[in-house]
Amino acid sequence: MFSHALRRPATARTSQRCFSASSRRSADANVLCFIETKVTDKSDMVPGTLNAITAAKKIGGKVTGILIGKDEASMQPAIDKAKKLGLDSLLVRYAPALEHVLAEPTAPVLAELVKKGGYTHFAGPHSALGKNIFPRVAGLLDVQQISDVMSISAPDTFTRPVYAGNAISTVRSKDAIKLFTVRASTWEPAQEGDKEAPVDVKEAENVGPEQATWISEEIVKSERPDLSSAPIVVSGGRGVKSKDAFDSTIIPLADALGAAIGASRAAVDSGYADNSLQVGQTGKVIAPELYVAVGISGAIQHLAGMKDSKTIVAINKDPDAPIFQVADVGLVADLFEAVPDLVKKIEAAKQ
Ligand SMILES: Cc1cc2nc3c(=O)[nH]c(=O)nc-3n(C[C@H](O)[C@H](O)[C@H](O)COP(=O)(O)OP(=O)(O)OC[C@H]3O[C@@H](n4cnc5c(N)ncnc54)[C@H](O)[C@@H]3O)c2cc1C
């Protein structure tokens, strides 16, 4: 159960500053934090996990990590990494049914751990997996989930975006256990250090039914920086007009800047870019150092995914395009002239 208040964000950057000024922490808190490993590399954590650890520490008190997997041997590289992330302790729970960390068998394991361990909070990344597992754990614990947390001003008080980020809701939870997922882009990632947390490895209890069966997974392989964590992102929109034009304008600009590639939903729906590259309310929410929007109008659903970027550059031929309202640098120009010109200038500056 929770109460909440709404306000319009000036920008998410300023709103986080004003909340952190009034922060209170609780030394009595006992926080469990879900450590999610990459599907492509089980020895490494998804970037959002590192941000979730930072958010968990903001609560105050003790922070314990929980790693789930098939068996201790296969999890050892992840254990070695996770125990250096500044946690107070690390739990490792394994079972053959947990190999792919599917939500159905995993959620009851986590709910049982939270209950038996006397945890006051359960935190994790607002990733595809987090969005699948956390509501189930909330249901099993009979508490309300607080999603996409942007800041924490007290152990029971969180801010989160609503209406595609057009308002920020301040939520005070009255539940005995506060369960929340963390918006990666508003928290610094936890860093690996020399101190190692004590590790408690056991076979998992209360493994849930195998209602879903893992069959296979297809990973989009790319040599490019990862869209979710890249410091520079170049995104193309419907203004690019075709897949060929996307490949001959957006990709060279991204290459010149060493950037990840993003796209608006219109560009994805038109087949110019892969679905995994969509930025926005129903795509990835990112906050790179530099975001370059090319031929993107700036619909609220797109802004919801990128407006926390540190510097926003927009190239659009329409001077009234809404993207210019959030842009730090705007260029009113035809992208087919401006982008090749920009690429030449960047390459020349590198010489
Ligand atoms: C529930 C819901 C969820 C959504 N989720 C998302 C989401 O996650 N991400 C997302 O992006 N959208 C999302 N949308 C869609 C969103 O509302 C917009 O339709 C979409 O963002 C528009 O994409 P765009 O800016 O590329 O296209 P448009 O709005 O068509 O804009 C194209 C822009 O290109 C400019 N342009 C055209 N030609 C040139 C040129 N030669 N040179 C320079 N500029 C040029 C135009 O001036 C225009 O501003 C969602 C919508 C709904 C209803």
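Residues numbered from 1 in each chain as written. Predicted model: local features only at pLDDT ≥ 70, side-chain atom pairs only at ≥ 80, totals over all residues.

**Q** Any chance you could break down the overall build of the protein for me, citing the residues and the numbers?
**A** Counting its secondary structure elements, the protein contains ten helices and 16 strands. The C-alpha radius of gyration computed for the protein amounts to 21 Å, which stays within 12% of the reference 20 Å derived for 351 residues, consistent with globular compactness. If you line up the protein on its principal axes, its C-alpha atoms span 60 × 45 × 40 Å. Burial analysis of the protein (351 residues in total) assigns 46% to the buried set. A separation threshold of at least 6 residues defines the contact pool for the protein, and within that pool the share at least 24 residues apart is 72%. (Helix = DSSP H or I, 4+ residues; strand = E, 2+ residues; numbered from the N terminus. Rg over C-alpha atoms; globule rule 2.2 N^0.38 Å. Buried ≥ 20, exposed ≤ 12 C-beta atoms within 10 Å, placed from the backbone. Contact = placed C-beta atoms within 7 Å.)

**Q** Please give an account of the packing of helix α6 (residues 243-257) against helix α10 (residues 335-350) that cites residues and values.
**A** Close contact between α6 and α10 brings their axes to 9 Å; oriented N to C, the two are set at 25°. When the interaxial angle is binned, α6 and α10 end up roughly parallel. Crossing of α6 against α10: the hand is left-handed. Residues T249, P252, L253, A256 and L257 of α6 form the contact with α10, whose participating residues are L335, F336, V339, L342, V343, I346 and E347. (Axes fitted to C-alpha atoms, helices over the stretch in contact; angles between N-to-C directions. Parallel < 35°, antiparallel > 145°, perpendicular 65-115°, else oblique. Left-handed = near helix turned anticlockwise from the far one by under 90°.)

**Q** Just give me the short version of the domain arrangement of the protein, but keep the residues and values in it.
**A** According to the domain assignment, the protein consists of domain 1 (2-203) and domain 2 (232-350). Residue-level contacts link nine residues of domain 1 with ten residues of domain 2. Tallied by class, the residues present in the side of domain 1 that touches domain 2 amount to two nonpolar, five polar and two charged. (Domains from an automatic or database assignment. Nonpolar A, V, L, I, M, F, W, Y, C, P; charged D, E, K, R; others polar.)

**Q** How would you summarise the site of the ligand if you had to cite specific residues and measurements?
**A** The full set close to the ligand counts 28 residues, and G237, G239, S264, R265 and G280 are the nearest of them. Going through the elements one at a time, α7 (265-269), α8 (300-306), β15 (311-316) and α10 are the ones with two or more residues in the shell around the ligand. Partitioned by chemical class, the residues of the shell around the ligand number nine nonpolar, 14 polar and five charged. (Near = placed C-beta within 6 Å.)

**Q** Before we move on, can you summarise the sheet that holds strand β3 (residues 62-69) with the specific residues and values?
**A** Reading across the sheet, the seven strands line up as β6-β10-β5-β2-β3-β4-β11 and stay open at both edges, with parallel pairing between neighbours. Lying at the two open borders of the sheet, with one neighbouring strand each, are β6 (145-149) and β11 (199-203). Adjacent strand axes in the sheet meet at a mean angle of 20° when their direction is disregarded. Sheet topology note: the strand β4 (residues 89-94)/β11 ladder contains five bridges and is parallel. Across the sheet, residue V92 finds its bridge partner in β11, namely V201. Taken strand by strand, helix α5 (residues 128-141) contacts β2 (30-35), β5 (121-125), β6 and β10 (178-182), and its axis lies near 175° from that of β10. (Pairing = 2+ DSSP bridges.)

**Q** Summarise the environment of A256; cite the residues concerned and give the values.
**A** Here A256 shows up in helix α6. Residue A256 is classed as partly exposed on the basis of its C-beta count, with 18 C-beta atoms lying within 10 Å.

**Q** Describe α10, with residues and values.
**A** In an α-helix, one turn spans 3.6 residues; hence positions three or four apart end up facing the same way. In a regular helix each residue adds 1.5 Å, so 16 residues correspond to 22 Å; α10 covers 22 Å between its end C-alpha atoms and thus fits that length. As for α10, its buried residues are in contact with α6, β14 (290-294) and β15. (Expected span 1.5 Å × (residues − 1).)

**Q** Residues and numbers for the environment of A184, please.
**A** By the element assignment, A184 lies in the loop between β10 and β11. Taking the C-alpha atoms as reference points, A184 and S228, 44 residues apart in sequence, are found 8.9 Å from one another. With residues up to four places along the chain from it excluded, the contact list for A184 reads P47, G48, N51, P125, H126 and S228.

**Q** Describe the sheet that holds β14, and please don't skip the residues or the numbers.
**A** The parallel open sheet is built from five strands, whose spatial order is β13-β12-β14-β15-β16. Strands at the two margins of the open sheet, each flanked by one partner only, are β13 (260-263) and β16 (329-332). Each neighbouring strand pair of the sheet contributes to a mean axis angle of 15°, computed without reference to strand direction. α6 contacts β12 (232-236), β13 and β14 of the sheet and is inclined by roughly 170° relative to β12.

**Q** Could you give me a rundown of the nonpolar core, with the residues and numbers involved?
**A** C33, V137 and L179 are the most contacted members of the largest nonpolar core, which has 60 residues in total. Ignoring sequence-local partners within four residues, the contact set of L179 consists of F122, F134, V137, A138, L141, V143, Q145 and I146. One finds A259, I286, M306 and A327 within the second-largest nonpolar core, a separate group that totals 39 residues. (Core = buried A, V, L, I, M, F, W, Y, C linked by C-beta atoms within 7 Å.)

**Q** Tell me about the pairing of β10, and name the residues and values.
**A** Within β10, five of the five residues are buried, which leaves it mostly tucked inside the rest of the structure. Residues of β10 alternate between two faces, with K178, F180 and V182 on one and L179 and T181 on the opposite face, all of them buried. Relative to β10, β6 runs parallel, the two sharing three bridges. From the neighbouring strand, Q145 faces β10, where its bridge partner is L179.

**Q** Quick rundown of unusual backbone geometry? Include the residues and the values.
**A** Backbone geometry places V101, a non-glycine residue, at a positive phi of 50°. With respect to the element layout, V101 can be found in the loop between β4 and α4 (103-116). Positioned with a positive phi, N206 is a non-glycine residue whose angle comes to about 65°. Residue position: N206 is located in the loop between β11 and β12.

**Q** Residue-level account of α4, with values.
**A** Its 14 residues place the ends of α4 20 Å apart at the C-alpha level, agreeing with the 20 Å of an ideal helix rising 1.5 Å per residue. Those residues of α4 lying buried are P105, T106, A107, V109, L110, A111, L113 and V114. Residues of α4 that are buried in the fold lie against β2, β3, β4, β5 and α5. Remark: G118 follows α4 within two positions and exhibits a positive phi of approximately 65°.

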